[in-house]
Amino acid sequence: LVKNPNIVMTDTHDLESLIFSSPALEKVINEVCSPEKVTAFSQNREIRAAILEVAVAIGYLRWLSIANNLHFSFDNIEPSKFLDAEFKVNDNRLIIELKNKSSKHSINNEKLHQDLIQLKSDSHDPWQVCCGHDLIKIFGYSLRSLLGSKNNNQNENLSTIFRVAYESSYFLKTQMFMELQSWEAANPTYKVIGEKF
């Protein structure tokens, strides 16, 4: 973790995950999802938690890829290849999908799976393990597969929709905002937040 008085960290892994963790998600769900499908899905699992669980599984493999110089490509992985009908991740199928999309066929599946098991821990904050881009992508997949309406064509602009749904009042409650205020107090000649806050 970087310790520098001039660096302010986001509460979660990145700005997209910060937005996704906020009430902006509920606003987007109300805008782009089928109410009937949301109700049916939510009887068994909370939408945010379900999508976070998938993104965390991908996040651990991103972590392993960097730590072990595996050079996996995560850009074009297809969720349908590793998610079951209940929206649960099959780790072995995710590993195979990553190897195929990254042309890394020589990597040992069993060894990678064991490394993944060792890395996973309840002590890791899932909001730090996941990547915001993965959260948005998985949410987009959920629209196509589970939650969206037949007329929904918003997938392409989801990141924009989430940014628009994020209100300043959500930001005011973040640790990031408080740290920015403290930094401004210690550096009064600079203004980062702006007068609207």
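Just above sits the structure.
Residues numbered from 1 in each chain as written. Predicted model: local features only at pLDDT ≥ 70, side-chain atom pairs only at ≥ 80, totals over all residues. Heavy atoms only, no water.

1. Considerations on the overall build of the protein chain
What the protein chain contains, in helices and strands, is eleven helices and zero strands. Moving toward the C terminus, one meets the helices and strands of the protein chain in the order α-α-α-α-α-α-α-α-α-α-α. By its C-alpha atoms, the protein chain is 55 × 45 × 30 Å across when sized along the principal axes. Expressed as a percentage of the 197 residues in the protein chain, the buried residues total 42%. Charged side chains of the protein chain number 21 positive and 24 negative; the gap between the two group centres comes to 4 Å. (Helix = DSSP H or I, 4+ residues; strand = E, 2+ residues; numbered from the N terminus. Buried < 20%, exposed > 50% of the residue type's maximum accessible area, 1.4 Å probe, protein only. Lys, Arg positive; Asp, Glu negative; His and termini not counted. Charge placed at Lys NZ, Arg CZ, Asp CG, Glu CD.)

2. Side note on the pattern of salt bridges
Pairs can form between side chains of opposite charge once their charged atoms are near each other. Counted by the stated rule, this structure contains ten salt bridges. Residue E46 is joined to R48 by a salt bridge in which the shortest nitrogen-to-oxygen separation is 3.7 Å. A salt bridge links R62 to D134; its shortest N-O distance comes to 2.8 Å. Taken together, the residues span a long stretch of sequence, with R62 in helix α4 (residues 47–67) and D134 in helix α8 (residues 132–147) at a distance of 72 residues. Salt bridges linked by common partners bring E26, E46 and R48 together as one network. (Salt bridge = Lys/Arg side-chain N within 4 Å of Asp/Glu carboxyl O.)

3. Considering the nonpolar core
The biggest cluster of nonpolar side chains holds 58 residues, and the ones touching the most others in it are F20, L61, F87, F139 and F162. When residues in this core are grouped by element, the largest group, twelve residues, is from α4. Aside from chain neighbours lying at most four places away, what touches L61 is F74, L94, I95, L98, L112 and L116. (Core = buried A, V, L, I, M, F, W, Y, C linked by side-chain atoms within 4.5 Å. Contact = heavy atoms within 4.5 Å.)

4. So, the packing of aromatic side chains
If you walk through the whole model with that rule in mind, you get ten aromatic pairs. Positioned over the ring face of F74 is R62, at 4.5 Å from the centre of the ring. (Phe/Tyr/Trp six-rings, centres within 6.5 Å; stacked < 30°, edge-to-face > 60°. Lys NZ or Arg CZ within 6 Å of the ring centre and 35° of its normal.)

5. Structural notes on unusual backbone geometry
Even without being glycine, F87 reaches a positive phi, approximately 65°. Along the chain, F87 turns up in the loop between α4 and α5 (91–102). At S103, a position not held by glycine, the phi torsion is positive, near 55°. Relative to the helices and strands, S103 is located in the loop between α5 and α6 (109–119). Residue S103 is classed as exposed on the basis of its relative accessible area, which comes to 55%.

6. Considerations on the environment of F87
The class of F87 is buried, set by a relative accessible area of 3%. Sequence spacing of F87 and K173 is 86 residues, and the spatial spacing of their C-alpha atoms is 31 Å. For F87, the residues in contact, after removing those within four places along its chain, are F41, R45, A50, I51, V54, I138, Y141, S142, S145 and L146.

7. Notes on the side chain of S102
Mapping S102 onto the fold places it in helix α5. Among the residues examined, S102 registers a relative accessible area of 12% and is labelled buried.

8. Considering helix α9 (residues 158–165)
Those residues of α9 lying buried are L158, I161, F162 and A165. Across the axial projection of α9, the buried residues extend over an arc of 100°, all falling on one side. Next to the buried residues of α9 lie α1 (15–20), α2 (24–32), α8 and α10 (168–171). (Arc of directions from axis to C-beta.)

9. Considerations on the packing of α4 against α5
Put simply, α4 and α5 touch, their axes get as near as 11 Å, and they point 50° apart. Our classification of the angle between α4 and α5 gives oblique. The two elements α4 and α5 meet at a crossing, and its hand is right-handed. Residues A57, I58 and L61 of α4 form the contact with α5, whose own contacting residues are D91, L94, I95 and L98. Counted by class, the contact of α4 with α5 contains six nonpolar, no polar and one charged residues. (Axes fitted to C-alpha atoms, helices over the stretch in contact; angles between N-to-C directions. Parallel < 35°, antiparallel > 145°, perpendicular 65-115°, else oblique. Left-handed = near helix turned anticlockwise from the far one by under 90°. Nonpolar A, V, L, I, M, F, W, Y, C, P; charged D, E, K, R; others polar.)

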